[in-house]
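# Fold and contact review
Spelled out, the chains give:
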Amino acid sequence: MKNPFDDNYFMKKALQEAESAFEMGEVPVGAVVVIKDRIIGKAHNLTEQLHDVTAHAEMQAITAASNFLGGKYLNGCTMYVTLEPCQMCAGALYWSQISRLVYAARDLERGFQVMGTNLHPKTEVSSGILEKEAAELLKRFFIQKRNLN
């Protein structure tokens with residue numbers, strides 16, 4: 001029997017978070033943290049709502065997962081995020097020692113790989129899961145934002 005909890009399943013959950021951000025006027029990025037097929041942290045960008053440049057989806061999801069686990073390390077956890085993390089979020093992921101990062105769309109301007117930021121050496125990275133859907137949501141957001149200005 002196929003495991004219903006796969007990368008597509010959890011990335012769809014991250015996309016739901018990104019949709020919530022979109023509806024709030026936030027850059028539509030969503031993230032979920034998973035351990036043993038269970039979501040233990042989920043979030044979306046809140047930088048505008050909280051007036052906080054650090055309130056990225058990844059940062060919020062790391063905090064939620066750490067609170068759930070009762071510790072600062074996310075060993076054995078996977079983060080699913082709809083956009084390649086920036087260097088700030090990659091730094092937080094490094095320090096959290098997250099075991100796996102899966103992101104949908106690349107960020108060719110501000111992504112951690114373009115910026116040369118490293119994750120923890122033991123962190124496995126995968127990308128491209130539901131990339132088209134995540135990129136389309138971001139594109140819609142920025143087109144809408146340009147048309148409002």
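Criteria and thresholds
- Residues numbered from 1 in each chain as written.
- Predicted model: local features only at pLDDT ≥ 70, side-chain atom pairs only at ≥ 80, totals over all residues.
- Heavy atoms only, no water.
- UniProt positions renumbered as here; feature names shortened; annotations may be inferred.
- Core = buried A, V, L, I, M, F, W, Y, C linked by side-chain atoms within 4.5 Å.
- Buried < 20%, exposed > 50% of the residue type's maximum accessible area, 1.4 Å probe, protein only.
- Helix = DSSP H or I, 4+ residues; strand = E, 2+ residues; numbered from the N terminus.
- Contact = heavy atoms within 4.5 Å.
- Phe/Tyr/Trp six-rings, centres within 6.5 Å; stacked < 30°, edge-to-face > 60°.
- Lys NZ or Arg CZ within 6 Å of the ring centre and 35° of its normal.

- The protein chain appears in an unreviewed UniProt entry as tRNA-specific adenosine deaminase from Croceivirga thetidis.
- The protein chain has a UniProt comment under Subunit (unreviewed entry) that states "Homodimer."

## Remarks on the nonpolar core
- Grouped together as the largest cluster of nonpolar side chains are 36 residues, with contacts concentrated most on Met 11, Met 79, Tyr 80 and Leu 101.
- Elements supplying a minimum of two residues to this core: α1 (7–23), β1 (30–35), β2 (38–44), α3 (57–69), β3 (78–83), α4 (87–96), β4 (100–105) and α6 (131–148).

## Some details on the UniProt feature "active site" (unreviewed entry) in the protein chain
- On the UniProt side, "active site" (unreviewed entry) is annotated at positions that read Glu 58 here.
- Residue placement: Glu 58 occurs in helix α3.
- Contact partners of Glu 58, with chain neighbours within four places excluded, come to Ala 31, Met 79, Val 81, Leu 83, Pro 85, Cys 86 and Cys 89.

## Topic: the environment of Met 88
- Tracing the backbone through its elements, the reader meets Met 88 in helix α4.
- Through-space distance from the C-alpha of Met 88 to that of Gly 111 is 9.7 Å; in sequence the pair is 23 residues apart.
- Non-local contacts of Met 88, meaning those with residues more than four positions away in its chain, are made with Val 53, Thr 54, His 56 and Met 59.

## Looking at the UniProt feature "binding site: Zn(2+)" (unreviewed entry) in the protein chain
- Sequence positions flagged by UniProt for "binding site: Zn(2+)" (unreviewed entry) are, in local numbering, His 56, Cys 86 and Cys 89. With the annotated positions falling across 34 residues, the maximum pairwise C-alpha distance of 9.3 Å places them together in a single cluster.
- Examined against the element boundaries, Cys 86 turns out to sit in the loop between β3 and α4.
- If near-sequence neighbours (up to four positions away) are discounted, Cys 86 is found in contact with His 56, Glu 58, Arg 110 and Phe 112.
- Here Cys 89 shows up in helix α4.

## A look at the packing of aromatic side chains
- Evaluation of the coordinates by the stated rule reveals six aromatic pairs.
- Between Tyr 9 and Phe 10 the ring centres are 5.0 Å apart and the planes differ by 85°, which places this aromatic pair in the edge-to-face class.
- Grouping aromatic residues by their ring pairs yields a cluster made of Tyr 9, Phe 10 and Tyr 80.
- One cation-aromatic arrangement involves Arg 140 over Phe 22; the distance from NZ or CZ to the ring centre is 5.0 Å.

## Some points on the side chain of Thr 82
- Position of Thr 82 relative to the elements: it lies in strand β3.
- Classification of Thr 82 as buried rests on a relative accessible area of 1%.
- In contact with Thr 82, not counting residues within four places along its chain, are Met 11, Ala 14, Leu 15, Ala 18, Pro 28, Val 29, Gly 30, Ala 104, Ala 105 and Ala 134.

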